[in-house]
Amino acid sequence: MNVPLWTIPALPLAGFLLNGAVALRAGARRAARASEAWRAAHPDAAHDDDHGGGDAHAAHDGHASHGSADDHGSGHGHGGAALPRGQRLFHGVVGVASCGLAAVAAFANLVPYVKASLASPEGIAPVVQHAYLWMAAGGLSVDIAFRLDPLSAMMLAFVTLVGTLIHLYSVGYMQEEEGYGRFFAYLNLFMFAMLTLVLANSLPMLFIGWEGVGLCSYLLIGYYYDKDFAVAAGKKAFVTNRVGDFGMILGIFGIISLFGTADFSFLDKARHAMVNGGSPVTVYAVCLLLFLGACGKSAQFPLYVWLPDAMAGPTPVSALIHAATMVTAGVYLVARCSAVYVLAPDAMTLVAWIGAGTAVLAATIGLAQNDIKKVLAYSTVSQLGYMFLACGVGAFGVGMFHVFTHAFFKACLFLGSGSVIMAMHHEQDMRAMGGLAPKIRQTFLTMMIATLAISGIPPLAGFFSKDQILGAAFATGHTVLYVVGLGTAGLTAFYMFRLARMTFYGPFQGTKEAEGHVHESPATMTVPLWVLATGALFAGFLGVPAALGGRNTFVRFLEPSLARVPEHEVPHSTEYLLMGLSVAVALVGIGLAWRWYGQATATSAVPSAAADAFYRKTGALGPIVANKWNVDEGIEALVLSPFRKLGTFLWRGFDALFIDGIVNASAFLVELTGDLVRFFTTGNVRNYALAFSLGVLAFALFVLVR
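Cut-off values and rules
- Residues numbered from 1 in each chain as written.
- Predicted model: local features only at pLDDT ≥ 70, side-chain atom pairs only at ≥ 80, totals over all residues.
- Heavy atoms only, no water.
- Helix = DSSP H or I, 4+ residues; strand = E, 2+ residues; numbered from the N terminus.
- Buried < 20%, exposed > 50% of the residue type's maximum accessible area, 1.4 Å probe, protein only.
- Contact = heavy atoms within 4.5 Å.
- Areas by Shrake-Rupley, 256 points an atom, 1.4 Å probe, with all protein chains shown as cover.
- Lys, Arg positive; Asp, Glu negative; His and termini not counted.
- Charge placed at Lys NZ, Arg CZ, Asp CG, Glu CD.
- Phe/Tyr/Trp six-rings, centres within 6.5 Å; stacked < 30°, edge-to-face > 60°.
- Lys NZ or Arg CZ within 6 Å of the ring centre and 35° of its normal.
- Axes fitted to C-alpha atoms, helices over the stretch in contact; angles between N-to-C directions.
- Parallel < 35°, antiparallel > 145°, perpendicular 65-115°, else oblique.
- Nonpolar A, V, L, I, M, F, W, Y, C, P; charged D, E, K, R; others polar.
- Pairing = 2+ DSSP bridges.
- Salt bridge = Lys/Arg side-chain N within 4 Å of Asp/Glu carboxyl O.
- Patch = residues over 30% accessible without salt bridge, like charges linked within 9 Å, V, L, I, M, F, W, Y side chains within 5 Å.
- Disulfide = S-S within 2.5 Å.
- Core = buried A, V, L, I, M, F, W, Y, C linked by side-chain atoms within 4.5 Å.
- Expected span 1.5 Å × (residues − 1).
- Left-handed = near helix turned anticlockwise from the far one by under 90°.

J.: Residues and numbers for the overall build of the protein, please.
T.: A count of helical and extended segments in the protein gives 28 helices and two strands. When its C-alpha atoms are laid out on the principal axes, the protein stretches across 120 × 75 × 60 Å. By the burial criterion, 51% of the 706 residues in the protein qualify as buried. Long-range pairs, those at least 24 residues apart, make up 80% of the contacts in the protein between residues at least 6 apart in sequence. Of the roughly 30100 Å² of accessible surface on the protein, 68% is carried by carbon and sulfur atoms. Looking at the protein, you have 41 positive and 42 negative side-chain charges, and the mean spots of the two groups are 4 Å apart.

J.: So, the packing of aromatic side chains: which residues are in play, and what are the values?
T.: We describe a pair of aromatic rings using the distance from one ring centre to the other and the angle between the two ring planes. One pass over the structure, following the stated rule, counts 25 aromatic pairs. Ring centres of tyrosine 505 and tryptophan 594 lie 4.9 Å apart, and the angle between their planes is 65°; this geometry places the pair in the edge-to-face category. With a gap of 89 residues between them, tyrosine 505 in the loop between helix H20 (479-504) and helix H21 (512-516) and tryptophan 594 in helix H24 (residues 572-596) connect regions that are remote in the sequence. With a relative accessible area of 33%, tryptophan 594 lands in the partly exposed category. The structure contains a cluster of three or more aromatic residues connected by ring pairs, namely Phe158, Phe401, Phe404, Phe408 and Phe554. In this structure, arginine 336 is placed above the aromatic ring of phenylalanine 264, and the distance from its NZ or CZ to the ring centre is 5.0 Å. Positioned above the aromatic ring of tyrosine 505 is the side chain of arginine 501, whose terminal nitrogen or guanidinium carbon lies 5.4 Å from the ring centre.

J.: Residues and numbers for the packing of helix H12 (residues 315-324) against helix H13 (residues 326-336), please.
T.: It is at 4 Å that the axes of H12 and H13 come closest, and there the two elements cross at 10°. Between H12 and H13, the crossing angle belongs to the class labelled roughly parallel. Along its contact with H12, which presents Leu320, Ile321, His322, Ala323 and Ala324, the element H13 presents Met326, Val327 and Thr328. The class makeup of the residues in the contact of H12 with H13 is six nonpolar, two polar and no charged.

J.: Which residues make up the pairing of strand S1 (residues 127-137), and what are the values?
T.: Across nine bridges, the pairing between S1 and strand S2 (residues 140-148) is antiparallel. Of the residues in S2, the one forming a bridge with alanine 137 is leucine 140. Between S1 and S2, which pair antiparallel in sequence order, lie two residues; one of them, glycine 138, sits at a positive phi of approximately 60°.

J.: Lay out the environment of threonine 405 in plain terms, naming residues and giving numbers.
T.: Residue position: threonine 405 is located in helix H17 (residues 396-423). Residues threonine 405 and leucine 537, 132 residues apart in the sequence, show an inter-C-alpha distance of 9.5 Å. Discounting chain neighbours no more than four positions away, the residues touching threonine 405 are Ala461, Ser465 and Gly540.

J.: Describe the pattern of salt bridges, with residues and values.
T.: What the rule picks out here adds up to 13 salt bridges. Between aspartate 309 and lysine 236 there is a salt bridge whose closest N-O contact spans 2.8 Å. In this pair, aspartate 309 sits in helix H11 (residues 306-309) while lysine 236 sits in helix H8 (residues 228-259), placing the two residues 73 residues apart along the sequence. Between aspartate 429 and arginine 431 there is a salt bridge; the shortest N-O distance is 2.8 Å. Note on aspartate 429: relative accessible area 22%, which makes it partly exposed. Exposure remark for arginine 431: the relative accessible area of 31% places this residue in the partly exposed category. Salt bridges here are not isolated pairs; linked through shared partners, they connect Glu211, Arg242, Asp245 and Lys297.

J.: Now, about a nonpolar patch on the surface: what can you tell me, with residues and values included?
T.: A cluster of nonpolar residues, Leu638, Val639, Leu640, Phe643, Leu646, Phe649, Leu650, Phe654, Phe658, Ile659, Ile662 and Val663, forms a patch on the protein surface that exposes about 1100 Å² of accessible area. Tracing the backbone shows phenylalanine 654 in helix H27 (residues 631-677).

J.: So, the state of the cysteines: which residues are in play, and what are the values?
T.: Enumeration according to the criterion identifies zero disulfides in this entry. Cysteine 216 forms no disulfide, and the closest cysteine sulfur to it belongs to cysteine 99, at a distance of 13 Å. The structure places no disulfide on cysteine 337, whose sulfur is separated from the nearest cysteine sulfur, that of cysteine 287, by 8.0 Å. Residue classification places cysteine 337 among the buried residues on the basis of a relative accessible area of 0%.

J.: Any chance you could break down the nonpolar core for me, citing the residues and the numbers?
T.: Within the largest apolar cluster, 184 residues are counted, with the highest numbers of intra-cluster contacts made by Phe158, Trp306 and Tyr341. Looking at this core, the element that brings in the most residues is H17, giving 17 residues. Excluding anything up to four places from it in sequence, phenylalanine 158 contacts Gly163, Ala323, Ala324, Thr328, Val403, Phe404 and Ala407.

J.: For a positive patch on the surface, give the residues involved together with the corresponding values.
T.: A cluster of basic residues, Arg25, Arg29, Arg30 and Arg33, forms a positive patch at the surface. Among the structural elements, arginine 25 can be located in helix H1 (residues 7-41). The class for arginine 25 is exposed, based on a relative accessible area of 53%.

J.: Break down helix H16 (residues 372-392) for me, with residues and values.
T.: Compared with an ideal rise of 1.5 Å per residue, which puts 21 residues at 30 Å, H16 spans 31 Å between its outermost C-alpha atoms and is within 8% of the ideal. At the C-terminal side of H16, glycine 394 shows a positive phi close to 95°.

J.: Summarise the packing of helix H15 (residues 345-366) against H16; cite the residues concerned and give the values.
T.: For the pair H15 and H16, the least separation of the axes is 7 Å and the interaxial angle reads 160°. In terms of orientation, H15 and H16 fall into the roughly antiparallel class. Here H15 runs over H16; the crossing is left-handed. Residues Met348, Thr349, Val351, Ala352, Gly355, Ala356, Thr358, Ala359, Ala362, Ala363, Ile365 and Gly366 of H15 form the contact with H16, whose participating residues are Val375, Tyr378, Val381, Ser382, Gly385, Tyr386, Phe388, Leu389, Cys391 and Gly392. Along the lines of polarity and charge, the residues of the contact of H15 with H16 split into 15 nonpolar, seven polar and no charged.

J.: Any details on unusual backbone geometry? Residues and values, ideally.
T.: Note the cis peptide between phenylalanine 301 and proline 302, where omega equals 0°. The residue proline 302 is located in the loop between helix H10 (283-297) and H11 in this model. Each neighbour pair has its own omega, and for proline 458 with proline 459 the value is 5°, a cis peptide bond. A positive phi angle, near 50°, is found at asparagine 552, a position not held by glycine.

Take a look at the structure:
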């Protein structure tokens, strides 16, 4: 391994610095030219220059068209002119090359490591490269160090590969954006943060990347900063993640208290149950705190509410966050700390139930969404629930296998939806689509492959990873969790084929003008789609279980990095039955969606008469599901509103009235005292003589009376 590990995150960081510097410089020049042009067009307003009025008006004129985009509900474009071709070429090349070179550096390390690890029955020792000592206090020291082991190797492989494909896709998708350079700078910074998180050799260093992806998600979700909904979505993501990050910080302190170290050597201590018995915190509490952080990043109930709103950002951002980077960080954290979690079985049970509950909750919400990206957003939340379900029943390797396969088919679906949106001139409502299959053939084919994969149809990738999760839940005796997961599989197949039928089949529901402008995306967008679709087709073969004649190479490779949980043997005949049942449930969901949607009688108002009738017959349940189970309203009523009222009281009642009252009263007393005393310090001799005489008289009276 001749390439140092630190170069892998350093390359995207270099891309961020270069793209950011050039974008800032070019932006300053454009702003100066815009101000000069405005001043030339408004000579009578020259006197405003001293107060910055000219620049303000120039900025206003430059964004005059932004409001029209909001009026039409478009989530795309700033309204400014696209950058010159040369600048776009520079930013695109730097953005893609920095991430691509990071992928090359990653695989230069991965290939020999994976070969050596698979050749050894017990795997090989992790590769740890120390850069320098970050901090030391007492007996605790934290290094800037990078770790390559099976778990980080697996994450590194798909993060760099899928990330590079998303960067390449963005070259075509974002070409009309005025913030092209800024976008690629943020995207490179996002990759730097995620790669730092993955390669970290300690929890504090992992936390740097953890917070970095949180910051970048805020910047990228709120990329369209002139749109209120995008700004609100960015803030929602940032604040919601701060709740989880608070638990993460406390969990790191708990790990230090329990094991005396923050680097991942604590995992070896946990495997041997070498826990500090005198610690003021318990293993159970630490697991819950770390899981709270994981719930924030990986969007589990109740902290999942930020992820659907993250659709306010550009589609490549949605693909990067939902498929390859940020949302996988929480699952990665739980898997990384699996040796600690097995010491607290009750915590694992909670992880499994939260995962299963989130999976079915998000799947039901996905049934009623009409925005193509929102359907995929709730699908991501649901699939993440599957991953936590696997970790909660002790199948950490299977959970990470689903992380791996999900990265391919979900990135393909999101990027495919971006291709559909571009073909529809930024229309995202599926009720205005239909009949697009022959018009955008490559997008259609790749999305259908990914749709079959996520639905769990063999032999695509999602079948192998999803069925092993269900099998693990059944084998460990969690029958209820198995039933919930099985039902969620049927819901997944239904809402995904509902999306496919409404988008690609049936009559076109938009305007004739929109239909005439439908076109396939450029090669910079379709080539990544085909690569990802290929992954959705074949990635599952890395983890073929023994019941199907495989060795489950993927899970076996990860074993040295994960806790060893006692395996529950299930006869192959039972496994075949479970597989057949899950495929049957998926086929029922597909058949129902196929029958209900995409019919010739469909209209934009009523895409499915059967679904509309079912919706009416459910009474209050239908509107509640359509309104996302009123979770946002519940959080507003039970959490946000009381805190706002408390904050208002502390501001107006306590701070303004009490604290400020004490300060103001003190000032008033000082002022009053000064007003009274100043009469005795006039500098007039007669006044002093009078005061002296009155004092003598008062003293004499006091003596006489006494």
